[in-house]
Amino acid sequence: MNDGIIDAKGLVKDFGTTKALRGVTLTIRGGEMVAIAGPSGAGKSTLLYCLSGILQPDWGTVTFAGRRLETLGEADRAALRRREFGFVFQFGQLVSELRAVDNVALPLVIDGVRRVEATHRALDWLERLGAADVARETPDELSGGEVQRVAIARALVTGPRVVFADEPTGALDSIAGDEVMTVLTEHARAQGITLVVVTHEPRVAAYMHREIVVRDGTVASREAVR
Amino acid sequence: MTVAYALLGFLEEETRHGYDLKQAYDALFDAGRPVQFGQIYATLGRLERDGRIRLAAQEPGQGPERKRYEITAEGIDELHRWLSEPEAPEPNLQRTLFAKTVLALTTGRDAGAYLDAQRGAHLERMRELTALKTGADLATALLADFALFHLEADLRWIEQTRGRLDSLRQEVTR
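The shown structure was predicted, so the numbers you read here are calculated from the model rather than taken from an experiment.

(A) A look at the overall build of chain A. When helices and strands are tallied, chain A shows seven helices and ten strands. In terms of overall dimensions, chain A is globule-like: its C-alpha atoms have a radius of gyration of 17 Å, near the 17 Å expected for 226 residues. Summarising its shape, the C-alpha atoms of chain A cover approximately 45 × 40 × 35 Å along the three principal directions. Each of the 226 residues in chain A was classed as buried or not, and the buried ones make up 48%.

(B) Up close: the overall build of chain B. Helix and strand content of chain B: eight helices and three strands. Mapped in sequence order, the helices and strands of chain B form the string α-β-α-α-β-β-α-α-α-α-α. With the principal axes as the frame, chain B shows a C-alpha extent of 70 × 30 × 30 Å. Within chain B, the fraction of its 174 residues that count as buried is 30%. Taking contacts inside chain B between residues at least 6 apart in sequence as the whole, the part at least 24 apart equals 57%.

(C) Summary view of the pairing of strand S3 (residues 33–37) of chain A. All names here are of chain A. The buried fraction of S3 is high, at five of five residues. Neither face of S3 is open: one carries Met-33, Ala-35 and Ala-37, the other Val-34 and Ile-36, and all of them are buried. Relative to strand S8 (residues 194–198), S3 runs parallel, the two being bridged by four bridges. Across the sheet, residue Met-33 finds its bridge partner in S8, namely Leu-195. Here S3 pairs with strand S9 (residues 210–215) via four bridges, running parallel. If you follow Ala-35 over to S9, its bridge partner there is Glu-211.

(D) View of helix H2 (residues 18–29) of chain B. End to end, H2(B) covers 16 Å across twelve residues, agreeing with the expected 16 Å (1.5 Å per residue, within 8%). Where H2(B) is buried, its residues meet helix H1 (2–13), strand S1 (16–17) and helix H3 (37–49) of chain B.

(E) Main features of the interface of chain B and chain A. Each partner contributes residues to the interface: chain B has twelve residues there, and chain A has ten residues. Every element with two or more residues in the side of chain B that touches chain A is listed here: helix H6 (111–133) and helix H7 (138–162) of chain B. Ranked by residues supplied to the side of chain B that touches chain A, first place goes to H6(B) with six residues. Considered class by class, the residues forming the side of chain B that touches chain A number four nonpolar, four polar and four charged.

(F) Representation of unusual backbone geometry. All names here are of chain A. Of note, Ala-65 is a non-glycine position whose phi angle comes to about 45 degrees, a positive value. Within the secondary structure, Ala-65 is located in the loop between strand S4 (59–64) and strand S5 (67–68). Of note in the backbone geometry, Glu-167 takes a positive phi value of approximately 50 degrees without being a glycine. Mapped onto the elements, Glu-167 comes out in the loop between strand S7 (162–166) and helix H6 (174–191).

(G) How the structure looks around the pairing of S8(A). Residues and elements named next belong to chain A. Burial of S8 is extensive: five of the five residues sit out of reach of the surface. Residues Thr-194, Val-196 and Val-198 point to one face of S8 and Leu-195 and Val-197 to the other, with burial holding for every one of them. Here S7 runs beside S8; their pairing, made up of five bridges, is parallel. By the bridge assignment for S8, Ala-165 is matched with Val-197.

(H) Spatial organisation of the environment of Ala88(B). Residues and elements named next belong to chain B. Among the structural elements, Ala-88 can be located in the loop between helix H4 (73–84) and helix H5 (94–106). Taking the C-beta count within 10 Å as the criterion, Ala-88 has 9 such neighbours and is therefore assigned exposed. For the pair Ala-88 and Val-3, spaced 85 residues apart in sequence, the C-alpha to C-alpha distance is 18 Å.

(I) Representation of the confidence of the model for chain B within the structure. Taken over all residues, the pLDDT of chain B has a mean of 90, while the share at 70 or more is 96%. Taken element by element, chain B is modelled with least confidence in H2(B), mean pLDDT 90, and with most confidence in H4(B), mean pLDDT 94.

(J) Highlighting the nonpolar core. Of all hydrophobic cores here, the largest spans 102 residues; its most connected members are Ile36(A), Val104(A), Leu126(A), Ala153(A) and Val196(A). Look past the residues within four positions of Val196(A) in its chain and what remains in contact with it is Ile28(A), Val34(A), Ile36(A), Leu48(A), Leu51(A), Val162(A) and Phe164(A).

(K) Focus on the sheet that holds S5(A). All names here are of chain A. Overall, antiparallel pairing links the four strands, which are arranged S2-S1-S4-S5 in an open sheet. For this open sheet the edge positions go to strand S2 (18–29) and S5, each flanked by a neighbour on one side alone. Sheet analysis places strand S1 (residues 4–15) next to S4, joined by five bridges and oriented antiparallel. Paired with Asp-7 across the two strands is Thr-63, which belongs to S4. Helix-sheet contacts for helix H1 (residues 44–51) involve S1, S2 and S4, and the interaxial angle to S1 is about 125 degrees.

Thresholds, definitions, all that
Residues numbered from 1 in each chain as written. Chains lettered and ligands numbered in written order. Predicted model: local features only at pLDDT ≥ 70, side-chain atom pairs only at ≥ 80, totals over all residues. Helix = DSSP H or I, 4+ residues; strand = E, 2+ residues; numbered from the N terminus. Rg over C-alpha atoms; globule rule 2.2 N^0.38 Å. Buried ≥ 20, exposed ≤ 12 C-beta atoms within 10 Å, placed from the backbone. Contact = placed C-beta atoms within 7 Å. Pairing = 2+ DSSP bridges. Expected span 1.5 Å × (residues − 1). Nonpolar A, V, L, I, M, F, W, Y, C, P; charged D, E, K, R; others polar. pLDDT = per-residue confidence, 0-100. Core = buried A, V, L, I, M, F, W, Y, C linked by C-beta atoms within 7 Å. Axes fitted to C-alpha atoms, helices over the stretch in contact; angles between N-to-C directions.

Structural data, given as structure tokens:
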């Protein structure tokens, strides 16, 4: 019996002559918090993007809650990413022209939620994440830690089942990094969200239930499911 | 402590006498601090008393350095147990982690598996400390941070070494 929310089998991904993934198989269970660790260039981010349907693997399958991602068209995959997944990137990747609250509301607006309702929900999430006071500021007025809080709010506002984070503390000092990981894991736990975090920092991996180590495009070691 | 296991590792390869063992130890683990002859002989005495090694030959006209030792089955078991088990994560482990890695390589064991197991033990301790500091007062959190930064340094070394095991194997076994 397999109770994974995400199942990847035999993932292979090449970029030209570079073999980024060489046959990765893994299962992530619902509500788990998993670190994907390993050295630079090991294939961690490529794996995250394949698991989340941003990239299509050249070979192998990714199943999310029983749905095979490679069988979906691009529009369906985009809708899946918008509704079921949240994303947090290293540098926040907020829209620089929009205020923080509008950045957080954006995925709701794209999905057809009325702007007033979307803004209301965005403000609620900014408040929960301790970032209500920056709601009306634009990203260039925010510190790195504040940017990541806004990015986390944007990832959580749609009520996703899985949040994927790629080096979420990579641009932060250790104090801001701790704060970001604390709010991210607290809210993931409270909402029962599955959290998949790519990191090369052991202190970040220590916030997760378990670690999967990727080296040279393969899973080099993995801890047992708890 | 690591001297005893290093001597067992060298004796697993072949029988040796005290002078050989000091040379072998210093070649791999000296780092500016050569081991004293006295420590070698005291350690050999303890290992022999505990049944980990035994006298293989006593060459004529000799001082203590002319005794040639061999490892026993108990000694091999003890070495294997030590090389297979991750250390409890605590400060100042660097010499022990290095010794285990090198001895795993020189005795033909799986150093990668050892380092992976050690990584798991370290990360588990880091999880405990991370949980401890969440919601704790600042003094507790800073104390946990102190331990976390040291464990992280060990883990970075483990990852670095894990990525260079093939080169290290060539260097220490040539």
